[in-house]
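What follows is each chain in one-letter form.
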Amino acid sequence: MSNFEETILVLLKDKLKAVKRNQIVTGEIPFECDFPQTIKNINKKGEIKHKDRSHDFYLYSLADNLIKPMDKRVYGMYCNGSGNELESKMRALRSSSAMTYNLFGNHETVTLNGLSSKSIADGKYTVEFEKQLFTLDESKTSAPANLDAFLTNGDTVVACEMKMMEWFSTNNSNLKKAYINENYYKTCSQGNAFNVFFELASHLIDKNGQIVINDSIEEYKTFFNRYDCFQMFKHTLACYNYCAENKGEIKNLTLLNCVWEIKNINSIEDVKIRDKYKKISTEERQGFDLFKNLLRPIKNLFKNELGVEFNVEYIPYYDMINSVANLSNDEKAYLDRYII
């Protein structure tokens, strides 16, 4: 772990402890490092090796990292997802899945207000977590896109891709060869739709970034240094398939990048760390702006082929909190753990 990430995690850890201090009668909220363990590993030769496990930034139990226990409905959604979020991942202080659940909780519906500038209409939306939508033909791939939150209000959809600290790392994602091969596309996204998505992919691919496997090109890199454009490409394709398969039912769909950011940059005392945060934050937003600009032909495709008004937007997590109108005072107080 870099010194940069550790500095940010310490701020988050201290803030969570401060928020929870008002809710715990005695003691502090427990982290895994408060209960160091020695793990016994046996290798293929039968040799026993002991390893100390002391994760400073993992909560002791899943419940410690959540606003309230999941009800059966929500728990089932996470169990059916393909990201194994309920294992150790969601106990991590930096877990974007925990951050997503903590915002929407067990509410079957949420009321969104004040997001018209983000192409999102005010209203009451049903909430689904870990919504799986296929990008390519299911008979040829088993890896669906997972939307962190999927909000629906009649014929209006907000598909949320939530990021916490994933964007602190440089972009190492690749695009498989199947995404530039029409034979792998679902029937509804072949023909003209494939041509438009192929054109988008060609703009995202680094022409010098081909990954060669077994003497054939299998995957592609991108020139985007930080912004995860390939993931958003796949989510866009998945949303197109969803609208095509439910043609006439969806009139508006916004793919929303909801990104955890530091609100008060001066909370980072170390000047070098602060400057690095400013730099990567600028890179992330510039990457999004470029991606959004490249989506203009995709917007036309949604409109002309499906009659859907499609938009992609970016919002900091702290602004998203303010837009969820049905949060109680206690819920708002808890979510203050993410405001730094």
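Residues numbered from 1 in each chain as written. Predicted model: local features only at pLDDT ≥ 70, side-chain atom pairs only at ≥ 80, totals over all residues. Heavy atoms only, no water.

Engineer: Explain unusual backbone geometry residue by residue, including any values.
Structural biologist: We note that S119 has phi near 65 degrees; this positive angle belongs to a residue other than glycine. Positionally, S119 belongs in the loop between β3 (109-112) and β4 (123-133). The phi torsion at E130 lies on the positive side, around 50 degrees, for a residue other than glycine. Residue classification places E130 among the buried residues on the basis of a relative accessible area of 7%. (Helix = DSSP H or I, 4+ residues; strand = E, 2+ residues; numbered from the N terminus. Buried < 20%, exposed > 50% of the residue type's maximum accessible area, 1.4 Å probe, protein only.)

Engineer: With reference to specific residues and values, describe the pattern of salt bridges.
Structural biologist: In total, this model carries 14 salt bridges according to the counting rule given. The partner of K186 in a salt bridge is E138, with the nearest N and O atoms 2.7 Å apart. Separated by 48 residues along the polypeptide, K186 in the loop between β7 (175-176) and α4 (192-204) and E138 in the loop between β4 and β5 (145-153) bring together distant segments of the chain. Judged by relative accessible area, K186 falls into the buried class, the value being 8%. Look at the salt bridges and you will find they share partners, linking E138, K186 and E245 into a network. (Salt bridge = Lys/Arg side-chain N within 4 Å of Asp/Glu carboxyl O.)

Engineer: Quick one: what's the story with the side chain of E331, residue by residue and with numbers?
Structural biologist: Topologically, E331 is positioned in helix α9 (residues 329-335). Engagement of the side chain of E331 in a polar contact is seen with the side chain of H107, the distance being 2.8 Å. (Polar contact = N/O pair within 3.5 Å; in protein donor to acceptor, adjacent residues only side chain to side chain.)

Engineer: Talk me through the sheet that holds β5; I want residue IDs and the actual numbers.
Structural biologist: Reading across the sheet, the 6 strands line up as β3-β4-β5-β6-β10-β11 and stay open at both edges, with mixed pairing between neighbours. A single partner strand is all that each edge strand has here, and the edge strands are β3 and β11 (309-316). This sheet shows a mean twist of 30 degrees between the axes of neighbouring strands, independent of strand direction. Relative to β4, β3 runs antiparallel, the two sharing 4 bridges. Each bridged residue has a counterpart across the sheet, and for L112 the counterpart in β4 is G123. Sitting on the sheet, helix α5 (residues 229-245) touches β4, β5, β6 (156-163), β10 (252-259) and β11, and the angle it makes with β10 is about 155 degrees. (Pairing = 2+ DSSP bridges. Axes fitted to C-alpha atoms, helices over the stretch in contact; angles between N-to-C directions. Contact = heavy atoms within 4.5 Å.)

Engineer: Before we move on, could you go through the layout of surface pockets and cite the residues and values that matter?
Structural biologist: Roughly 230 Å³ of internal volume is contained in the second largest pocket. For the second largest pocket, the lining is made up of 16 residues, of which K163, E166, N171, R226 and D228 are closest to its centre. Counting residues per element, the ones that place at least two in the lining of the second largest pocket are β6 and α5. (1 Å grid on protein atoms, 1.4 Å probe; cavity = no way out; pocket = protein on both sides within 12 Å on 5 of 7 lines; lining within 4 Å. Points joined across faces, edges and corners; volume = space filled by probe spheres on them.)

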